[in-house]
Amino acid sequence: MAQLNPEVDHLLRRAGFGASAADMETFRDMPLTGVLSYLVDYEGRPDDVDQRIGRPDHAQVSSKDLFAPDIDIDDARQRWMFRMIHTRRPLQEKMALFWHNHFATAFSKLTADSGNLQAAKMLAHKPVALRGPQGQLEIFRKYALGNYRDMLLEVAMDPSMLVWLDGQFNTRGKPQENFGREVMELFTVGVGHYTEPDVYAAARVFTGWNLRESVGYSDRDMNAYKEFVYNADEHETSAKTFSFPIYTDGNRTVPSRGVSAGMQDGYDLITALAVHPETARRLARKFWNFFISEIHEPDPGFVDAAANVYLQNRTEIRPVVRYVLTSPWFNLPEVRYARYAWPSEYVARAIKEVGWQNFSLATVRAPLSNMGQLLFEPPNVGGWPLGAGWFSTGTMLARTNFAATLAASQKEMLAVELERDGQTPQGLLTAMQARVTAAPFDAPPQQALMSYLLAGGSWIGSDSQLNTRAAGLARLLVGSSEYQLV
Amino acid sequence: MRISRRLFIRDGVATVTLGLAAPSFLTAIAQAQGLPSRRLVVVYLGGGNDALNTLISYQDPSYYSRRPTIAIPAGQVLPVGTDAAGRVLGLHPRLGGLLNVFNEGRLALVQRTGYENSSRSHFEAGDIWGTANPKASTGSGWLGRYLDTLPRPLDALAAWNTSAETPRALLSGQSGVPAIPNGSTYTFASPNRGSAAVQERAAAQQMTANPAPGRPHLALVNSTSRGALETLDRVAQASTYTPTIPYPNTGFGLALKTVAGAIVKGVGSRVYWVQTGGYDTHAQQGAAGGAYGNLMATLGDGLWAFYGDMRNTGMLNDTTVVVFSEFSRRISENGSGGTDHGAAGLMMVLGGMVRGGLHGTAATLAPGHPTLENSSGDVHYETDFRSVYARMLDGWLGVNSVPILGGDFRAAAPAIF
């Protein structure tokens, strides 16, 4: 990827998952603004990535039985990783990953409630594959750059969320606080901008937002499903007063309504939270950390500006992300490689850059788990511990060991593709570093890489030497600290 | 939701410089620091443990009236006697192993631990238990500050975290803690074999030795990687351990087995961190059985195996386990057969030198009673959790707790040693 200009490389790492050799052909002659538009305005290109699953020139998937990504969670994980690697809409998948962390929902609790099949379906069902509502991930893909208020509303009615945060049990007699709290603490305004009485009031707002089962429902029937239902009889109808305005006139009280109109309570609260200035600022700070830097504190000017774009565009995300990616901060040289790669980003980029010949994406399940990011299994509703929190000795070993697995699997392909450059050790090193793009190496680690190539005796460029050293070099680069930064 | 790993750096990036020693000195340092020595195993119950169903005030009529479906029937609790306020108490029926430890006088139950204005947010509360400062949920942790008091260079395995990420309690400006969930996968892999693999490991070692001046984020990853490379061989030794007692096949049981291996093989870590999740029981938690019963079985069976293994190997008198959670839960059950976020909870301390028994007093659950707070929705704290920390530091680890905790909490500390 280093063959492209540094600004394009940076943009593709942050708003995508890096660039494969094929991507480089696509972007080679494109100006920065063209690449930006390609990424942000992706809807002109068909969402066709799933149709390429199984093609021999792509990464492979494998399964015990028939590949069933709508009802088997490990197959769903493979499909998502395939999308990250091969999509022609990288920013859509990148944002889906962002929202998955933001609305972090874990398979394990769903499975305890509804069994493995239904739990996978609730998270990953692609619409119309089977009967029943779409999976949560498809909400995140649909609204990747869509309207935040609308997404929040769909999330509040999403069956997996209703199981995850116990909304399915939220009834008039005993309001359930779990979703009511987290919708404020984590999905919108954040700690410090709501009170404990607000939590009780929010719980009451969503009373009756429950689930119902399809006729003849069974956990094991792939065409059975659970779906959102507004149980009017279970809605608590008294007025609910908050510590912040619910309506544009500043009124803080959701009025008492009859049960048949009671769903409006939830619409009103979700709208109020979505347009709350602290939600705008919180999202702006999260976008700073995701797209610009985890090393530099969010610039107050950036937070104000991005929050304003969000509010002025009535909670549309696309203008905000476009603003972020074109803001003066995005292209500051010091923010390049100033973010720690999430494990899934790291794995996707490594596969794109090193290669995927005969590589099955089933292979990445255990490594991703050991790195601390099994998809669809965030540790809790707050999402994964980002930034430096990804790194411990155990997770770092999991990263370097994945680098070894990947390099071993691509050994012969690398030896063939790098045969010409591998006439000299310097040629091999240069070619591999153009392919596997890490943050710049200081002189001592750069010397260590060269010493490694020469450690086996004088360079003759034989097949066996290339076979060994090219894979070892790929392992050292992908496993380097410099490569953990994006 | 499950809580297990959210105690970490959410407020930006820590620029930790690890004080790791070169590998050849490690064993010598470990010896110089006094092997064998006392060690502390910290067990975190993630999600907010429902303490009222762990240690049950089974003669309090309000316990039954406020928990009509999830109360443990009086006939099923495991009686442990009467506390200083005359409340009659018993353990959850799935804690049979802990009852044995209690009856041996080696389990201290410290009731109503917490702090004023208890946070009901998992993340903020978890951070507060980590920093040991109710007013600050960011910054270093109390165990990290303890590690900072140990002589330099610090042994890379001075502490051992069995979870994948570093909890705030272990965060420090000067002392890195390796995360080793499973010793058998804590190994170096290479695409090659023989001398090429050896040369690759040497190259990785040289690359990560770069202090990366002016690039603290890169330095952090380098030091983490270096910490891994430098601890591989000792961890491999610890993972050869065969326990004297079978451990339950749960994540918690296996983590405790890993700890036991490190202890018995003489790794010399002073602090071990173990966590187990699933305590955020908002719905369908059950009573004696069900989800909460399973949590209690996982906890009790794991600790009982560990306790027995430590005794069989002669390690018990140098080992203390402390169990905590970020908060307890509401007194009244909710409409989903579960409980929402509450306040003061229960700390448990066990080990060969622990003075067991009932410490502190249970709340009276009748509405309006002064032992309650939040319109009698929650239990108010009686013992500041920092005073328990203080006793761990002064009475067990042998350091002055005052600078570590940023205050003197010794006077009110329960007499658990």
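For every chain, the first residue of the written sequence is number 1, and numbering continues from 1 along that sequence. To read the labels, note that chains go from A and ligands from 1, taken in the order they are written. pLDDT decides what is reported in this predicted model: residues at 70 or higher carry local features, side-chain atom pairs at 80 or more are listed and counted, and totals for whole chains, interfaces and linings draw on all residues regardless.

## Observations concerning the domain arrangement of chain A
Residues and elements named next belong to chain A.
Part 1: When cut into domains, chain A gives domain 1 (1-40), domain 2 (71-277), domain 3 (280-335) and domain 4 (343-484).
Part 2: In this entry, domain limits derive from an automatic or database-based domain assignment. Of note, the centres of domain 2 and domain 3, computed from C-alpha atoms alone, are 25 Å apart.
Part 3: Residues are scored as being in contact if the C-beta atoms we place from backbone atoms lie within 7 Å. The interface of domain 2 with domain 3 comprises 11 residues on the first partner and 11 residues on the second.
Part 4: Think of it as three bins: nonpolar holds Ala, Val, Leu, Ile, Met, Phe, Trp, Tyr, Cys and Pro, charged holds Asp, Glu, Lys and Arg, and polar takes everything else, Gly as well. Looking at the side of domain 2 that touches domain 3 residue by residue, the class counts come to seven nonpolar, three polar and one charged.

## Section: the nonpolar core
Part 1: Defined on buried residues, the nonpolar core groups Ala, Val, Leu, Ile, Met, Phe, Trp, Tyr and Cys residues joined through C-beta atoms within 7 Å. Comment: burial labels come from other C-beta atoms within 10 Å of the residue's own C-beta, placed from the backbone, where a count of 20 or more is buried, 12 or fewer is exposed, and between is partly exposed. If you look at the biggest cluster of nonpolar residues, it comprises 270 residues, and the most contacted ones within it are Leu473 and Ala474 of chain A together with Val42 of chain B.
Part 2: Working definition: helices are DSSP H or I runs of at least four residues, strands are E runs of at least two. Numbering for both runs from the N terminus. For this core, the element with the highest residue contribution is helix 9 (residues 290-312) of chain B, accounting for 10 residues.
Part 3: Once you skip the residues sitting within four places of it in the chain, Leu473 of chain A turns out to touch Leu428, Leu429, Met432, Leu449, Tyr452 and Leu453 of chain A.

## As for the interface of chain A and chain B
Part 1: Of the residues lining the interface, 64 residues belong to chain A; the matching set on chain B comes to 57 residues.
Part 2: For the side of chain A that touches chain B, the secondary-structure elements that each account for two or more residues are helix 6 (107-124), helix 10 (177-185), helix 18 (393-409), helix 21 (443-454) and helix 22 (463-478) of chain A.
Part 3: Per-element accounting of the side of chain A that touches chain B gives the leading share, 10 residues, to helix 18 of chain A.
Part 4: Taken together, the residues that form the side of chain A that touches chain B break down as 27 nonpolar, 25 polar and 12 charged.

## So, the environment of Ala262 of chain B
Residue and element names in this part refer to chain B.
Part 1: Position of Ala262 relative to the elements: it lies in helix 8 (residues 251-264).
Part 2: Residues Ala262 and Leu157, spaced 105 residues apart in sequence, show a C-alpha to C-alpha distance of 9.8 Å.
Part 3: In contact with Ala262, other than residues within four places in its own chain, are Trp160, Ala238, Val267 and Ser269.

## Things to note about the pairing of strand 7 (residues 271-276) of chain B
Residue and element names in this part refer to chain B.
Part 1: Most of strand 7 is tucked away, with six of its six residues classed as buried.
Part 2: Where burial is concerned, the two faces of strand 7 agree: the one with Val271, Trp273 and Gln275 and the one with Tyr272, Val274 and Thr276 are both buried.
Part 3: Only when DSSP finds a minimum of two bridges between them are two strands counted as paired. As defined by bridge partners, strand 1 (residues 39-45) adjoins strand 7 across six bridges and the pair is classed as parallel. Across the sheet, Val42 pairs through a bridge with Trp273, a residue of strand 7.
Part 4: Here three bridges tie strand 6 (residues 159-161) to strand 7, and the two strands are oriented parallel to one another. Note on strand 7: the bridge partner recorded for Ala159 is Val271.

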